[in-house]
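Now for the letters of each chain:
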Amino acid sequence: MNIVPYTVNPNLPEPLAPLSELARNLWLSWNFDAVSLFIRLDYDAWLASRQNPVRTLGMVPQERLEELAEDDSYLSALQSVYDKFRKYLSSETWYSGPAEDVVAYFSMEYGLDVSLPIYSGGLGILSGDHLKTASDLGLPLVAVGLLYRQGYFQQYLNADGYQQESYPENDWYNMPVRRCQTKDGDDVKITVKMADAVVTARVWEVKIGRVSLYLLDTNIDENDDAHKEITGSLYGGNRENRIRQEILLGIGGIRALRACGYNPAVAHMNEGHSAFLGLERIREFVQNDKLSTKEAIQAVWPTSIFTTHTPVPAGNERFDVQMMEKYFHSLTDGTGLDWHDFMALGRENPEDTEEHFCMTVLAIKLSAYNNGVSKLHGDISRDMWKAIWPGLPEEEIPIGSITNGVHARTFESHDMVDLLDRYFGPRFSDEPTHLDIWDRMDRISDEELWRVHERRKSRLVAFVRDRLRQQLKGRGITGNQIAHANEVLSPTALTISFARRFATYKRATLLFRDPERLRRLLTDPERPIQLIFSGKAHPHDVPGKNLIRDIVKFATQPELRSKIVFLENYDLTTAKYLVSGSDLWLNTPRRPLEASGTSGMKAAVNGVLNCSTLDGWWAEAYDPTIGWAIGNGEEYEDTQLQDEIESKALYDLLEREIIPTFFDRGQDGLPRTWISMMKRSMRSIGKQFASHRMLMEYHEQFYSKALENYKKVIAEKDKRPKEVAAYLEKLNAAWNQVSVVELTDPGHPELHVGENLEISADINLGPLSPEQLRVEAYFGRINSQGGIEHPQTTEMKPRDGQDAQAGTLHYVASVPCDTAGRQGYSVRILPKHPELTHNLVPGYVKWA
């Protein structure tokens, strides 16, 4: 059958025309006054559209549109919101530098709004907040992802409480995306070779305030069925489809930006999925700038940024040798990379021919700037990837950390935003980088803050009851059980929520280890508590699915049915209700397996208190005046013992501190101590864990430097990468001749604080000059294992009067004795070149 497609758009009366622009810009997702315009259009249509503004416009009857086009009240509200939107787009921003060269941000998923379901969890939500904040700051950033036909799965539970999955199709023509078109009106398309096939992808655009996100779609006629499935679903399919997705994201993503008129001067890889983009950038420098492969790598390295989110080796993407052989030529054609050098880029040990190819290793090796997403995760990452830098002390592994943050206005309830706007003033919305504004929390009275919280809590209870009715009807349940849904939860009980991905390390059932103790807490008539759970297990994670079933089964007991609720199909809408209406946010990951976590931050900016193990971000944020810590940050080899100890600690906190504090009310009925903790929590976390702080750190530590590096590469006609590549080639040839010949022993002297220790060593430079090597004294306190703790370094210099051509030179340095105790030192040799972004190059360190 020959089908001729065509598109039908809503017929908006001229006065309502701004609604179309507002509907297709996700600025709407953090501005409730814009959302309210669509709710006012037709509330039933808004709900039926799953809060999708584009679909809502197409569902509202024409008569209703004509009616509102003559409603002065509605038109006034529309004009006010549209003026605010246009002012946002045109106003001055924190960043005011050049914008012709952009930072290209790559992520496998983006959690921007419930109307665009191309996310699965925390990684996507973080990516979405990254783009929203880049828009607020005016950064020269553009983003790339994939347009999944089915997004991530929809979750529902069967009668036994076991998770099932469905994969509804996304209708892109009724979502806030648009096809990119050329000046001639044709669709923008790019091609990528994958093994023996050429895959074509159409490019779509999503607007997020000032920022654009470009999404690649292979579900088009030019592709066969197998390649149409590349963008079938997020994290779906087999290993073959996964590598195809990652080739499309990385290589196709760079090509898509070029096709849309951008110059991706800097690449920021959010996780390793997009690391193949490094190969495309190498290919561009080889083909367009006529650089050698090694020179091209030195052009890519100082202009690339990689953020890792995974705290365990098994969570990093790896492909076996046979898979890489299949795609080798299509990946590397035009780069000049041979098989050995290509595989070495993805291996911790380049000489291990059996080691699988790791996307994280590829991203690290092609990026001068690498970071984890919390201080603790930075430590974990340095330990995990230290094999890439043999001989380098773990604390010096060049992987730093920038702790995640949240875009507060996306997740704060509109009631809370109204309250904060009133007391914080216009700078709260107009100048989001002024985070000290959170110090004004004390201006808000206890009564007002609690009144807003109670209102949000009542709305949460109503939302849960409605969702539960829908869930039960979906399972075919009728009668009394449906009626019971109208009675679950109480707006006055202490409401504890646990909502996140149901991975086993997150320990959703830690609170259930002592059922009788939990039952006593839940059924206490004087101090009632209630629990809300929500979250998805990966479709192949049977243990995670069993955790959900265990919770649902426990909740079916007659005396507990109104006290415990599991909400199906956790999404952004559910999250917003939970983080704004709960009293306590529970998080129980097994330390140190939570890279960061951000749900607790979202809860905190709404006044919800946190109770968590000291993992991820909470290890930095915790203070006893703003929440509770389960344990003291211990790590256990015996996980059963850990669960037993920490579950008891959690019960103790609930019984002795949390519940008594919540129900400690004065004559006015207010929990004054609890409210005081709410204020301190909002002030502390609002300032420290805002995505605006996060993005400013990314810009100051990475983006600005990488953009400057790119300008040097281009301005000097590739002189910089050529010089660095030539230097590294010379260094590699000479490295076996370089050594610390002799480290002078001062005879174990005893010194006093304030004196200096003179360190000297004989260094064999081989054919290299003193300007090409950095010789360092490495010193500090000796710990009980004989190593140097918290080391310091200082550069050593050749003693004056020596022949620089002699090969072996005597180096000296003077080290201050600042602290008393047992100290030690050594000497090492590192690369040195003025154009190296940093001198911690894998494989190049020599010790005495």
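Described in the following lines is the structure provided in the data block.

1. Focus: the overall build of the chain
No. 1: Each helix and strand counted, the chain has 29 helices and 28 strands in total.
No. 2: Looking at the chain as a whole, 58% of its 848 residues are labelled buried.
No. 3: Taking contacts inside the chain between residues at least 6 apart in sequence as the whole, the part at least 24 apart equals 73%.
No. 4: By element, 47% of the accessible surface of the chain is carried by carbon and sulfur atoms, the whole surface being about 34,600 Å².
No. 5: Counting 94 positive and 119 negative side-chain charges, the chain places the centres of these two groups 3 Å from one another.

2. Here we look at the environment of arginine 86
No. 1: Secondary-structure assignment places arginine 86 in helix H6 (residues 72–90).
No. 2: Each C-alpha atom of the pair arginine 86 and alanine 555 lies 49 Å from the other, and the pair is 469 residues apart in sequence.

3. Some words on the side chain of lysine 536
No. 1: Within the secondary structure, lysine 536 sits in the loop between strand S16 (529–534) and helix H22 (542–555).
No. 2: With no salt bridge to any partner, buried lysine 536 finds its closest opposite charge in aspartate 571, at an N-O distance of 7.3 Å.
No. 3: Ignoring anything within four residues of it in the chain, the contact list for lysine 536 reads Tyr152, Phe153, Gln154, Gln155, Gln163, Arg500, Arg501, Phe502, Asn569 and Tyr570.

4. A word on the environment of glutamate 742
No. 1: Along the chain, the position of glutamate 742 falls in strand S21 (residues 739–743).
No. 2: Since its relative accessible area comes to 47%, glutamate 742 is described here as partly exposed.
No. 3: In the structure, glutamate 742 is positioned 255 residues away from glutamate 487 in sequence and 80 Å away in space, judged by C-alpha atoms.
No. 4: Leave out the neighbours within four places in its chain, and glutamate 742 touches Ala761 and Asp762.

5. Concerning empty space enclosed by the protein
No. 1: As enumerated under the stated definition, the model contains one cavity of 30 Å³ or more in all.
No. 2: Roughly 40 Å³ of internal volume is contained in the largest cavity.
No. 3: As for the largest cavity, its lining consists of Trp389, Pro390, Leu392, Leu830, Leu840, Val841, Pro842, Gly843, Tyr844 and Val845.
No. 4: Of the residues that constitute the lining of the largest cavity, the class distribution is nine nonpolar, one polar and no charged.

6. What to know about the nonpolar core
No. 1: Counting 176 residues, the largest nonpolar core has Leu19, Phe38, Phe276 and Tyr703 as the members making the most contacts within it.
No. 2: Per-element tally for this core: the top contributor is helix H28 (residues 691–715), with 10 residues.
No. 3: Beyond its immediate stretch of four places on either side in the chain, leucine 19 contacts Leu12, Leu37, Phe38, Leu41, Leu57, Tyr74 and Leu78.
No. 4: Trp438, Trp450, Ile551 and Val605 belong to the second-largest nonpolar core, a separate cluster that totals 58 residues.

7. Here we look at helix H11 (residues 293–300)
No. 1: The element H11 is largely enclosed, with a buried count of seven among its eight residues.
No. 2: Those residues of H11 that sit buried are Thr293, Glu295, Ala296, Ile297, Gln298, Ala299 and Val300.
No. 3: Where H11 is buried, its residues meet helix H10 (277–289), strand S10 (304–307), H28 and helix H29 (719–734).

8. Describing the pairing of strand S19 (residues 609–613)
No. 1: Burial analysis of S19 places five of its five residues in the buried class, the great majority of the element.
No. 2: Bridge analysis of strand S18 (residues 584–587) against S19 gives four bridges, and the strand direction is parallel. Along S19, the bridge assignment pairs asparagine 587 with serine 612.
No. 3: In this region the chain leaves S18, passes through helix H24 (residues 599–604) and returns to the parallel neighbour S19; the handedness of that crossover is right-handed.
No. 4: For S19 and strand S20 (residues 627–630), the ladder comprises four bridges, and the chain directions are parallel.

9. As for the packing of aromatic side chains
Given two aromatic rings, their pairing is described by the distance between the two centres and the angle made by the two planes.
No. 1: Considering all chains together, one arrives at 36 aromatic pairs under this definition.
No. 2: Taken together, a centroid distance of 5.5 Å and an interplanar angle of 70 degrees make the contact between tyrosine 173 and tryptophan 204 edge-to-face. Taken together, the positions of tyrosine 173 in the loop between strand S4 (163–166) and strand S5 (178–179) and tryptophan 204 in strand S7 (residues 197–208) put the pair 31 residues apart, joining distant regions of the chain.
No. 3: For tyrosine 173, a relative accessible area of 39% corresponds to the partly exposed category.
No. 4: Among the residues examined, tryptophan 204 registers a relative accessible area of 2% and is labelled buried.
No. 5: On the basis of an interplanar angle of 85 degrees and a centroid distance of 5.6 Å, the ring pair of phenylalanine 428 and tryptophan 438 is categorised as edge-to-face. Remark: tryptophan 438 occurs in the loop between helix H18 (427–430) and helix H19 (446–474) and phenylalanine 428 occurs in helix H18; sequence separation between them is 10 residues.
No. 6: Taking the relative accessible area as the measure of exposure, phenylalanine 428 reaches 8% and is therefore buried.
No. 7: The rings of Phe498, Phe502, Phe512, Phe533, Phe554 and Phe566 are connected pair by pair, giving a single aromatic cluster.
No. 8: A cation over a ring is seen here: arginine 500 above phenylalanine 498, with NZ or CZ 4.6 Å from the ring centre.
No. 9: Positioned over the ring face of phenylalanine 662 is arginine 665, at 4.8 Å from the centre of the ring.

About the cut-offs
Residues numbered from 1 in each chain as written. Predicted model: local features only at pLDDT ≥ 70, side-chain atom pairs only at ≥ 80, totals over all residues. Heavy atoms only, no water. Helix = DSSP H or I, 4+ residues; strand = E, 2+ residues; numbered from the N terminus. Buried < 20%, exposed > 50% of the residue type's maximum accessible area, 1.4 Å probe, protein only. Contact = heavy atoms within 4.5 Å. Areas by Shrake-Rupley, 256 points an atom, 1.4 Å probe, with all protein chains shown as cover. Lys, Arg positive; Asp, Glu negative; His and termini not counted. Charge placed at Lys NZ, Arg CZ, Asp CG, Glu CD. Salt bridge = Lys/Arg side-chain N within 4 Å of Asp/Glu carboxyl O. 1 Å grid on protein atoms, 1.4 Å probe; cavity = no way out; pocket = protein on both sides within 12 Å on 5 of 7 lines; lining within 4 Å. Points joined across faces, edges and corners; volume = space filled by probe spheres on them. Nonpolar A, V, L, I, M, F, W, Y, C, P; charged D, E, K, R; others polar. Core = buried A, V, L, I, M, F, W, Y, C linked by side-chain atoms within 4.5 Å. Pairing = 2+ DSSP bridges. Right-handed = clockwise from strand over helix to strand, strands pointing away. Phe/Tyr/Trp six-rings, centres within 6.5 Å; stacked < 30°, edge-to-face > 60°. Lys NZ or Arg CZ within 6 Å of the ring centre and 35° of its normal.

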